[in-house]
Amino acid sequence: MDGTAKQPQSLRDGLLGRQSVPPRLVDGPAPPQADIDDMLAAAMRAPDHGAIRPWRFHVIQGEALRRLGDVFVEALLKREPDAPRETIEKEQSRPLRAPLIIAACAKIDQTRADKIPAVEQIVSVAAACQNILLAAHGKGYGAMMLTGVNARDPHVKAAFGLDAADEIVSFIYIGTPSGPAFEKERPDPTDFTTIW
Ligand SMILES: Cc1cc2nc3c(=O)[nH]c(=O)nc-3n(C[C@H](O)[C@H](O)[C@H](O)COP(=O)(O)O)c2cc1C
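Quick look at the structure, then. (Residues numbered from 1 in each chain as written. Predicted model: local features only at pLDDT ≥ 70, side-chain atom pairs only at ≥ 80, totals over all residues. Heavy atoms only, no water.)

Among the structural elements, Val71 can be located in helix H3 (residues 63–79). As a C-alpha pair, Val71 and Ala159 span 88 residues in sequence and 7.4 Å in three-dimensional space. Sequence-distant contacts of Val71, that is, excluding residues within four places in its chain, are made with His155, Val156 and Ala159. (Helix = DSSP H or I, 4+ residues; strand = E, 2+ residues; numbered from the N terminus. Contact = heavy atoms within 4.5 Å.)

What follows covers a nonpolar patch on the surface. A grouping of Leu11, Leu15 and Leu16 is seen on the molecular surface, where their side chains present a nonpolar patch of about 360 Å² in accessible area. Counting through the fold element by element, Leu11 comes out in helix H1 (residues 11–17). (Patch = residues over 30% accessible without salt bridge, like charges linked within 9 Å, V, L, I, M, F, W, Y side chains within 5 Å. Areas by Shrake-Rupley, 256 points an atom, 1.4 Å probe, with all protein chains shown as cover. Salt bridge = Lys/Arg side-chain N within 4 Å of Asp/Glu carboxyl O.)

Okay, the packing of aromatic side chains next. On inspection of all chains with the given rule, the structure shows two aromatic pairs. Here Phe160 and Phe171 contribute two aromatic rings whose centre-to-centre distance is 6.1 Å and whose plane-to-plane angle is 55°, an arrangement assigned as tilted. Here Phe160, found in the loop between helix H7 (154–159) and strand E5 (167–177), pairs with Phe171, found in strand E5; they are 11 residues apart in sequence, far enough to count as distant. For Phe160, a relative accessible area of 11% translates into the label buried. Note on Phe171: relative accessible area 1%, which makes it buried. A connected cluster of aromatic rings, assembled from ring pairs, spans Phe72, Phe160 and Phe171. (Phe/Tyr/Trp six-rings, centres within 6.5 Å; stacked < 30°, edge-to-face > 60°. Buried < 20%, exposed > 50% of the residue type's maximum accessible area, 1.4 Å probe, protein only.)

Time to look at the layout of surface pockets. Reported here for the largest pocket is a volume of approximately 410 Å³. Together, 22 residues line the largest pocket, and Lys6, Gly17, Gln19, His137 and Ala181 are the ones closest to its centre. Listing elements by their share of the lining of the largest pocket, those giving two or more residues are H1, helix H5 (118–138) and strand E4 (142–146). By residue class, the composition of the lining of the largest pocket is 10 nonpolar, eight polar and four charged. Each pocket or cavity is described by its volume, and for the second largest pocket that value is around 200 Å³. Every residue lining the second largest pocket is listed: Leu15, Leu16, Gly17, Arg18, Gln19, Glu183, Lys184 and Arg186. Its residues assigned to classes, the lining of the second largest pocket comprises two nonpolar, two polar and four charged. (1 Å grid on protein atoms, 1.4 Å probe; cavity = no way out; pocket = protein on both sides within 12 Å on 5 of 7 lines; lining within 4 Å. Points joined across faces, edges and corners; volume = space filled by probe spheres on them. Nonpolar A, V, L, I, M, F, W, Y, C, P; charged D, E, K, R; others polar.)

Take the packing of H3 against helix H4 (residues 85–93) next. Close contact between H3 and H4 brings their axes to 7 Å; oriented N to C, the two are set at 145°. For the crossing formed where H3 meets H4, the hand is right-handed. Across the interface between the two elements, Arg66, Gly69, Asp70, Phe72, Val73, Leu76 and Leu77 of H3 pack against Thr87, Ile88, Glu91 and Gln92 of H4. Counted by class, the contact of H3 with H4 contains five nonpolar, three polar and three charged residues. (Axes fitted to C-alpha atoms, helices over the stretch in contact; angles between N-to-C directions. Left-handed = near helix turned anticlockwise from the far one by under 90°.)

Written out as C-alpha coordinates, the structure is:
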(Lines give C-alpha, C1' and ligand atoms only; values in the text may rest on other atoms or scores of the structure.)
Protein backbone atom coordinates (compact mmCIF):
# COMPACT_ATOMS: atom_id res chain seq x y z
CA MET A 1 0.00 0.00 0.00
CA ASP A 2 1.47 3.40 -0.89
CA GLY A 3 1.60 6.48 1.31
CA THR A 4 -1.58 8.01 -0.13
CA ALA A 5 -3.87 5.27 1.20
CA LYS A 6 -5.51 6.41 4.43
CA GLN A 7 -7.35 3.99 6.64
CA PRO A 8 -10.23 5.32 8.74
CA GLN A 9 -9.71 4.93 12.46
CA SER A 10 -13.30 4.15 13.45
CA LEU A 11 -16.51 2.81 11.96
CA ARG A 12 -17.97 6.33 12.08
CA ASP A 13 -14.95 7.76 10.24
CA GLY A 14 -15.23 4.96 7.72
CA LEU A 15 -18.92 5.50 7.09
CA LEU A 16 -18.68 9.28 6.91
CA GLY A 17 -15.48 9.29 4.87
CA ARG A 18 -16.31 6.71 2.20
CA GLN A 19 -16.37 7.91 -1.33
CA SER A 20 -15.96 6.31 -4.67
CA VAL A 21 -12.50 6.37 -6.19
CA PRO A 22 -12.68 6.06 -9.99
CA PRO A 23 -10.41 3.58 -11.77
CA ARG A 24 -8.27 6.42 -13.16
CA LEU A 25 -7.26 7.23 -9.58
CA VAL A 26 -6.26 3.70 -8.57
CA ASP A 27 -3.29 1.57 -9.43
CA GLY A 28 -1.66 -1.67 -8.36
CA PRO A 29 -0.97 -3.50 -6.25
CA ALA A 30 -4.22 -5.44 -6.01
CA PRO A 31 -5.33 -6.18 -2.47
CA PRO A 32 -3.81 -9.41 -1.15
CA GLN A 33 -6.11 -12.42 -0.83
CA ALA A 34 -6.63 -11.87 2.92
CA ASP A 35 -8.08 -8.40 2.21
CA ILE A 36 -10.27 -9.74 -0.62
CA ASP A 37 -11.50 -12.42 1.79
CA ASP A 38 -12.42 -9.71 4.32
CA MET A 39 -14.34 -7.76 1.67
CA LEU A 40 -16.28 -10.88 0.73
CA ALA A 41 -16.91 -11.70 4.39
CA ALA A 42 -18.32 -8.17 4.78
CA ALA A 43 -20.58 -8.90 1.80
CA MET A 44 -21.98 -11.91 3.68
CA ARG A 45 -23.25 -9.44 6.31
CA ALA A 46 -25.69 -7.87 3.84
CA PRO A 47 -29.34 -7.91 4.86
CA ASP A 48 -31.05 -10.73 2.99
CA HIS A 49 -34.80 -11.32 3.18
CA GLY A 50 -35.53 -15.05 3.56
CA ALA A 51 -31.81 -15.98 3.55
CA ILE A 52 -32.03 -16.44 -0.20
CA ARG A 53 -28.38 -15.51 -0.64
CA PRO A 54 -28.84 -14.22 -4.17
CA TRP A 55 -25.25 -12.92 -4.19
CA ARG A 56 -22.78 -14.28 -6.73
CA PHE A 57 -19.35 -12.66 -6.68
CA HIS A 58 -16.67 -13.14 -9.31
CA VAL A 59 -13.15 -12.11 -8.33
CA ILE A 60 -11.25 -10.99 -11.40
CA GLN A 61 -7.59 -10.06 -11.41
CA GLY A 62 -4.39 -10.66 -13.38
CA GLU A 63 -4.93 -12.57 -16.62
CA ALA A 64 -8.67 -12.88 -15.85
CA LEU A 65 -9.02 -9.12 -16.45
CA ARG A 66 -7.96 -9.74 -20.06
CA ARG A 67 -10.49 -12.55 -20.33
CA LEU A 68 -13.20 -10.19 -19.13
CA GLY A 69 -12.04 -7.74 -21.82
CA ASP A 70 -12.48 -10.56 -24.38
CA VAL A 71 -16.05 -11.07 -23.14
CA PHE A 72 -16.75 -7.32 -23.43
CA VAL A 73 -15.43 -7.36 -27.02
CA GLU A 74 -17.54 -10.41 -27.94
CA ALA A 75 -20.59 -8.65 -26.51
CA LEU A 76 -19.80 -5.46 -28.40
CA LEU A 77 -19.44 -7.35 -31.70
CA LYS A 78 -22.81 -9.02 -31.14
CA ARG A 79 -24.40 -5.61 -30.56
CA GLU A 80 -22.42 -3.84 -33.28
CA PRO A 81 -20.78 -6.21 -35.77
CA ASP A 82 -19.11 -3.26 -37.51
CA ALA A 83 -17.82 -1.57 -34.37
CA PRO A 84 -14.74 0.55 -35.13
CA ARG A 85 -11.31 -0.59 -34.02
CA GLU A 86 -11.02 2.13 -31.32
CA THR A 87 -14.28 0.97 -29.71
CA ILE A 88 -13.08 -2.64 -29.75
CA GLU A 89 -9.79 -1.64 -28.15
CA LYS A 90 -11.62 0.38 -25.51
CA GLU A 91 -13.76 -2.60 -24.51
CA GLN A 92 -10.72 -4.92 -24.50
CA SER A 93 -8.84 -2.65 -22.12
CA ARG A 94 -11.82 -1.52 -20.03
CA PRO A 95 -11.25 -4.04 -17.20
CA LEU A 96 -7.52 -3.29 -17.09
CA ARG A 97 -8.16 0.08 -15.43
CA ALA A 98 -7.90 -1.43 -11.95
CA PRO A 99 -5.94 -4.40 -10.60
CA LEU A 100 -9.06 -6.06 -9.16
CA ILE A 101 -12.71 -6.24 -10.17
CA ILE A 102 -15.39 -7.95 -8.14
CA ALA A 103 -18.41 -8.55 -10.35
CA ALA A 104 -21.42 -8.53 -8.03
CA CYS A 105 -24.35 -10.47 -9.48
CA ALA A 106 -27.88 -11.23 -8.34
CA LYS A 107 -29.09 -14.75 -9.10
CA ILE A 108 -32.80 -14.37 -8.61
CA ASP A 109 -34.62 -17.25 -6.94
CA GLN A 110 -37.85 -17.19 -8.93
CA THR A 111 -39.40 -19.91 -6.75
CA ARG A 112 -39.40 -17.45 -3.82
CA ALA A 113 -40.32 -14.37 -5.84
CA ASP A 114 -43.98 -14.44 -4.76
CA LYS A 115 -42.94 -13.56 -1.18
CA ILE A 116 -39.51 -12.05 -1.84
CA PRO A 117 -39.71 -10.19 -5.12
CA ALA A 118 -36.72 -9.82 -7.41
CA VAL A 119 -36.22 -6.22 -6.32
CA GLU A 120 -35.63 -7.32 -2.72
CA GLN A 121 -33.09 -9.89 -3.86
CA ILE A 122 -31.31 -7.25 -5.96
CA VAL A 123 -31.35 -4.86 -3.02
CA SER A 124 -29.56 -7.51 -0.96
CA VAL A 125 -26.78 -7.66 -3.55
CA ALA A 126 -26.64 -3.86 -3.59
CA ALA A 127 -26.23 -3.88 0.19
CA ALA A 128 -23.44 -6.44 -0.20
CA CYS A 129 -21.78 -4.11 -2.72
CA GLN A 130 -21.89 -1.28 -0.20
CA ASN A 131 -20.31 -3.55 2.41
CA ILE A 132 -17.53 -4.35 -0.07
CA LEU A 133 -17.01 -0.63 -0.75
CA LEU A 134 -16.85 0.08 2.98
CA ALA A 135 -14.52 -2.85 3.68
CA ALA A 136 -12.24 -1.68 0.86
CA HIS A 137 -12.31 1.88 2.19
CA GLY A 138 -11.63 0.59 5.71
CA LYS A 139 -8.41 -0.96 4.45
CA GLY A 140 -7.33 2.13 2.54
CA TYR A 141 -8.23 0.91 -0.95
CA GLY A 142 -10.10 2.92 -3.56
CA ALA A 143 -13.23 1.33 -5.02
CA MET A 144 -16.14 2.24 -7.26
CA MET A 145 -19.28 0.52 -8.56
CA LEU A 146 -19.61 0.71 -12.34
CA THR A 147 -22.16 -0.79 -14.71
CA GLY A 148 -22.73 0.56 -18.22
CA VAL A 149 -23.98 -1.39 -21.19
CA ASN A 150 -21.88 -4.47 -20.33
CA ALA A 151 -23.80 -5.02 -17.10
CA ARG A 152 -27.03 -5.38 -19.08
CA ASP A 153 -25.65 -7.29 -22.03
CA PRO A 154 -26.99 -10.88 -22.34
CA HIS A 155 -23.63 -12.23 -23.56
CA VAL A 156 -21.82 -10.75 -20.54
CA LYS A 157 -24.53 -12.00 -18.20
CA ALA A 158 -24.25 -15.50 -19.66
CA ALA A 159 -20.47 -15.42 -19.09
CA PHE A 160 -21.26 -15.04 -15.39
CA GLY A 161 -23.80 -17.87 -15.45
CA LEU A 162 -26.78 -15.49 -15.32
CA ASP A 163 -30.14 -15.71 -17.04
CA ALA A 164 -32.13 -12.80 -18.47
CA ALA A 165 -33.98 -12.23 -15.20
CA ASP A 166 -30.74 -12.10 -13.18
CA GLU A 167 -28.67 -8.94 -12.79
CA ILE A 168 -25.09 -7.83 -12.80
CA VAL A 169 -25.53 -5.27 -10.03
CA SER A 170 -22.09 -3.80 -10.58
CA PHE A 171 -18.49 -4.29 -11.47
CA ILE A 172 -16.64 -3.05 -8.40
CA TYR A 173 -13.26 -1.73 -9.50
CA ILE A 174 -10.76 -1.82 -6.62
CA GLY A 175 -7.14 -0.74 -6.30
CA THR A 176 -4.63 1.26 -4.37
CA PRO A 177 -5.25 5.02 -4.56
CA SER A 178 -2.63 6.61 -6.78
CA GLY A 179 -3.08 10.10 -5.38
CA PRO A 180 -5.01 12.15 -2.89
CA ALA A 181 -8.78 11.64 -2.94
CA PHE A 182 -10.93 14.36 -4.41
CA GLU A 183 -13.53 15.32 -1.78
CA LYS A 184 -17.08 15.73 -3.03
CA GLU A 185 -19.55 17.95 -1.27
CA ARG A 186 -22.30 15.84 0.31
CA PRO A 187 -25.95 16.82 0.52
CA ASP A 188 -27.60 17.86 3.77
CA PRO A 189 -29.57 14.83 5.03
CA THR A 190 -32.38 17.07 6.26
CA ASP A 191 -33.17 17.86 2.60
CA PHE A 192 -34.11 14.20 2.19
CA THR A 193 -35.70 13.55 5.54
CA THR A 194 -39.19 14.11 6.90
CA ILE A 195 -39.89 13.78 10.60
CA TRP A 196 -43.26 12.10 11.07
C1 LIG B 1 -25.48 0.22 -9.33
C2 LIG B 1 -24.59 1.39 -9.61
C3 LIG B 1 -23.99 1.51 -10.85
C4 LIG B 1 -23.18 2.59 -11.16
N5 LIG B 1 -22.61 2.68 -12.40
C6 LIG B 1 -21.84 3.74 -12.70
C7 LIG B 1 -21.25 3.86 -13.98
O8 LIG B 1 -21.37 2.99 -14.83
N9 LIG B 1 -20.51 4.96 -14.24
C10 LIG B 1 -20.34 5.95 -13.29
O11 LIG B 1 -19.66 6.93 -13.59
N12 LIG B 1 -20.88 5.85 -12.07
C13 LIG B 1 -21.62 4.77 -11.75
N14 LIG B 1 -22.19 4.67 -10.51
C15 LIG B 1 -21.95 5.74 -9.52
C16 LIG B 1 -20.62 5.62 -8.82
O17 LIG B 1 -20.38 4.28 -8.38
C18 LIG B 1 -20.56 6.55 -7.57
O19 LIG B 1 -21.48 6.13 -6.61
C20 LIG B 1 -20.83 7.99 -7.94
O21 LIG B 1 -19.82 8.46 -8.80
C22 LIG B 1 -20.89 8.90 -6.70
O23 LIG B 1 -19.72 8.80 -5.97
P24 LIG B 1 -19.78 8.50 -4.41
O25 LIG B 1 -20.01 7.02 -4.26
O26 LIG B 1 -18.47 8.96 -3.89
O27 LIG B 1 -20.92 9.30 -3.86
C28 LIG B 1 -22.97 3.58 -10.17
C29 LIG B 1 -23.55 3.46 -8.92
C30 LIG B 1 -24.36 2.38 -8.64
C31 LIG B 1 -25.01 2.28 -7.28
